Each structure stands twice: as structure tokens, then as C-alpha cells.
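Overview (structure and organization)
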Amino acid sequence: MHTLFVDDPEVGILIDQETSRLQNTINLIAAENHAPGSILTTQGSVFSMKAAEGYPNARFHAGCAHTDALERLAVNRCRELFGADHANVQPHSGVAANLSVYFAMLDIGDRVLSMKLSHGGHLSHGATASITSRCFNFSHYGVSPKTERIDYDAVASMAQERQPRMIVAGASSYPRLIDYARLAEIAAGIDAYFMVDMAHIAGLVAAKAIPSPVPHADFVTFTTYKTLMGGRGGVVLCKHPHAARIDRSVFPGCQGTPAMNMVAAKAVCFQRAGKPAFREIQRQTISNARCLAKELAAHGYRIVSDGTDNHIVLIDLCTKGLTGENAENQLEAAGLIVNRNPIPNDRQGPHNASGLRLGTPAITARGMKEAEVKQIATWIDTVLNNQGQQRVLEKVAHEIATLCNRFPVFRTDSCSS
Ligand SMILES: Cc1ncc(COP(=O)(O)O)c(C=O)c1O
């Protein structure tokens, strides 16, 4: 940091400002987390300089002895953590991991069945704006209008009708458990591959706080920086018979040199995720989300699907006469960082949106529990009921700063036991 301030004070100051923003606000973005110092240090290590095209013992650059040992360590820890046959830890991101699976197993134009973006799926599951929809022929299942949970009978009949070569499960804003066994059965019935993108829930799965898709799916992809609390990056897990195709698809198919500093951080992340303290954080993340849903419901908000099984609480603001965009801006002004999100069958476009997606990973990483969550729900309600009232916003912002002081973002490593 000291040399950075000599080399480039402008960036140094921005890093300081961002650190202080993180410390002084409450982060309820479901896709984010607070990675510990050990991960951040590892990301900034000498491994960031190493060119290492290829895989251990089969590189296109010399000087890879330590790099090979590092990648093997990351792969072995990852396989053990998730009970997977094979792991590729090189994808730079979640989308890169998904592309690697598609391009490994599908031909251009092949049919794929995945969850609708507007019902909780992800862009890389064939949304119009994503390159995935230009390469493959996606159709989409959604949630039942009544239960707001995946309609598995509808998935089964769409699968029969469309005969896709792959079924994709997993989502960015689905607060409920997914029945992987049922989807695997549907895929097997039409001889399709079954892929699960568990980017959001990988930490909960690693901690065995919710069921794992690994026994059921041919391929499981995930990111390391959401519930898993690592640095940015992606991973592909697969069954033995697909290992060589997946590896070839990641490199040289979709990527060049791996970011070995990120692979190093993944190794640290997988080691932490095997610890009892990590498992406790993940269990608390779910308890906090359940508490948040209950409290907001008590304040009169409609909770999509009537609750949550994971770290996400999706609220419908229609009954309050608000849009997601408005609510997001007002809450940020008070120090509550959230994101607007479409709700299933939303009447607003994605830019306004009728919902808010709230997540509990980051507040739980700071050590917050139910008592703090109840207070946060009250602040959300106060801000949303007093939009534009500067004095109310300032009062809440002051109370939030006081709470944040009690819960430092950068604590001593909380998963050392
Ligand atoms: C389900 C899902 N898959 C993939 C991704 C993409 O990950 P990345 O932004 O690292 O490419 C996300 C990120 O939000 C996600 O929610």
C-alpha cells in the first residue's frame, strides 16, 4: 500500500475510500461478501505475475514448479470440499465457467433448457443480451405463478417437447431450494446433460447447510466470491468421463493463461470452507435471511415465495407503491446497500424493477446475527416509508454508522478454527 501511494496516489485514495465505504455501510447485496485479509493478500501475491498456459506437468512456460504444486493443491482441496470427481479451477469468472461447459459439450445451435432470467435465472443461461443465446438455442422454464417456486411438472413437459441436449439449473435470485434429483431424472429421461450453476449458493453447499447438486449433476459451475467468501473467480466440477473435454474447453478453448494469483486465493478459500467456523457462518447466513424475511413481512412487505431457504430475500414493492430503483437509491443514501431486482412476472422493466433482492452473506461475515437483522429490517422500513425526508435518512445513516463500528469488516480471520 505504501508503494502504491508513491506510484499512484489517485488509486491509493480510491482504495482507501472504498475500504471506508465498506466499513461504514451495511452490504445486503446477495452476490457479494467480505473476503478476509488472507484471500486479499493471496490475490496480490507474486503468483499474479506467472504465465502458466496449460495444466500441471503440461505447461507451455518454464518455471512452473510452484505453480503446478499450487494448482494441484487448489484442485484437490476443491474436489474434497465438494466430493467431486474432477475440478477445473482456472475459469476467470462464473460466466467463463458456464461457457466452458457449453462449448465442451454442445454444438453451435444445440437446444438448451434453463431458468428464465426474469424468474431468477442468470444472463449466461441464454438471455437475449448474452452471447450464449447467439450460440445455442435456449428455451426457458420459470416459477409457478401461485407458489413462485420452480414448476417441475412444467419443466418435465417442456423437456419432452423441446428435447434439449442440456438442462441447466441454478439462479441469481431464487430464494428456494432446487430439487436436483427431480431435474436430473427429467434430464436422464431425454438423454440430456444436466448442469447446475451454483454460483450463489456454493458456500452454503460447501458447509452442507443446504443439499448439494454434485451427486446429481454432470457439471456443476460456481463462483468463489459470493457465499463462498473467496476472491473473484469461477470453477467447473464434473464427473470423470467429462474431465478431459472440460479441461480442453477451459484451456485452450475459452481462456489463455490462468490467473494463478486467483487460483492461489481459491486454494485458500477451499481450505477455509472446510473449517467448522465457516460452516457456522453459512448456517447463520440462512438464519439471518429467514429472520430478515419474517421481520419485513411483519412490516407489511410481500416476500416472494413467502420466505427463503438460502441467503436471498426477494421482496415485492408493488404493495407499497414503490419501484426497485427508487427504493435502492433511498436505501443507499442511508447506508443500506441493496439491489433492485425483477420479481416473477414483473410489470416493470429490469431498470426500474418491482423488487429488491436482499442477501445476508456480507453482514453475517461481519458477525451480525438476528438482533442486528431485526434492526436492519426496521431501518429499511423507516427509509422506504420516509422517502426524500433528509432528516430521517440522516438519523438512520447515523445509527447505521454506529452499528457498523461494532462490526469491523476486516476482522482477524474468523475461519481459523
Ligand atoms: C447464477 C450465476 N451464475 C453466474 C454468474 C456470473 O459470474 P461472473 O460475474 O463471475 O461471471 C452469476 C453472477 O452474478 C450468477 O449469479
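None of the values given here were measured: they were computed from a predicted structure.

Calculation criteria
Residues numbered from 1 in each chain as written. Predicted model: local features only at pLDDT ≥ 70, side-chain atom pairs only at ≥ 80, totals over all residues. Heavy atoms only, no water. Near = heavy atom within 4 Å. Polar contact = N/O pair within 3.5 Å; in protein donor to acceptor, adjacent residues only side chain to side chain. Areas by Shrake-Rupley, 256 points an atom, 1.4 Å probe, with all protein chains shown as cover. Nonpolar A, V, L, I, M, F, W, Y, C, P; charged D, E, K, R; others polar. Core = buried A, V, L, I, M, F, W, Y, C linked by side-chain atoms within 4.5 Å. Buried < 20%, exposed > 50% of the residue type's maximum accessible area, 1.4 Å probe, protein only. Helix = DSSP H or I, 4+ residues; strand = E, 2+ residues; numbered from the N terminus. Domains from an automatic or database assignment. Contact = heavy atoms within 4.5 Å. Buried area = accessible area lost by both parts, 1.4 Å probe. Salt bridge = Lys/Arg side-chain N within 4 Å of Asp/Glu carboxyl O.

Residues in contact with the ligand, as listed here, are Ser93, Gly94, Val95, His122, Ala171, Ser172, Asp197, Ala199, His200, Thr223, Tyr225 and Lys226. Between the ligand and Gly94 there is a distance of 3.0 Å, counted from an oxygen atom to a backbone nitrogen or oxygen. Here Ser172 contributes a side-chain N or O atom positioned 2.7 Å from an oxygen atom of the ligand. Starting from 400 Å² of accessible surface for the ligand in isolation, the protein chains cover 84%. Here the residues of the shell around the ligand sort into four nonpolar, six polar and two charged.

Turning our attention to the nonpolar core. Phe82, Phe194, Met198, Phe222, Leu228, Leu237 and Phe270 are the most contacted members of the largest nonpolar core, which has 63 residues in total. The biggest single contributor to this core is helix α11 (residues 260-273), with eight residues. Both domains that furnish three or more residues to this core are identified here as domain 1 (40-273) and domain 2 (276-406). For Phe222, the residues in contact, after removing those within four places along its chain, are Cys78, Phe82, Met198, Ala199, Ala202, Leu228, Gly233, Gly234, Val235, Leu237 and Phe270. Ranked by size, the runner-up nonpolar core spans 35 residues in total, among them Leu28, Ala327, Ala377 and Phe407.

A few words on the domain arrangement of the chain. You can read the domains of the chain as domain 1 (40-273) and domain 2 (276-406). Here the C-alpha centre of domain 2 lies 28 Å away from the C-alpha centre of domain 1. When domain 1 packs against domain 2, close to 2,200 Å² is buried across both sides, 58% of that on carbon and sulfur atoms. Inspection of the region where domain 1 meets domain 2 yields two salt bridges.

Attention now moves to unusual backbone geometry. Of note, the amide linkage connecting Phe251 to Pro252 takes the cis form, showing an omega dihedral of 10°. At Asn57, a residue that is not glycine, the phi angle is positive and equals roughly 70°. Classification of Asn57 as exposed rests on a relative accessible area of 68%. Not every positive phi belongs to a glycine, and Ser305 is a case in point at roughly 65°. Looking at where Ser305 falls in the secondary structure, it is placed in the loop between β11 (302-303) and β12 (312-316).

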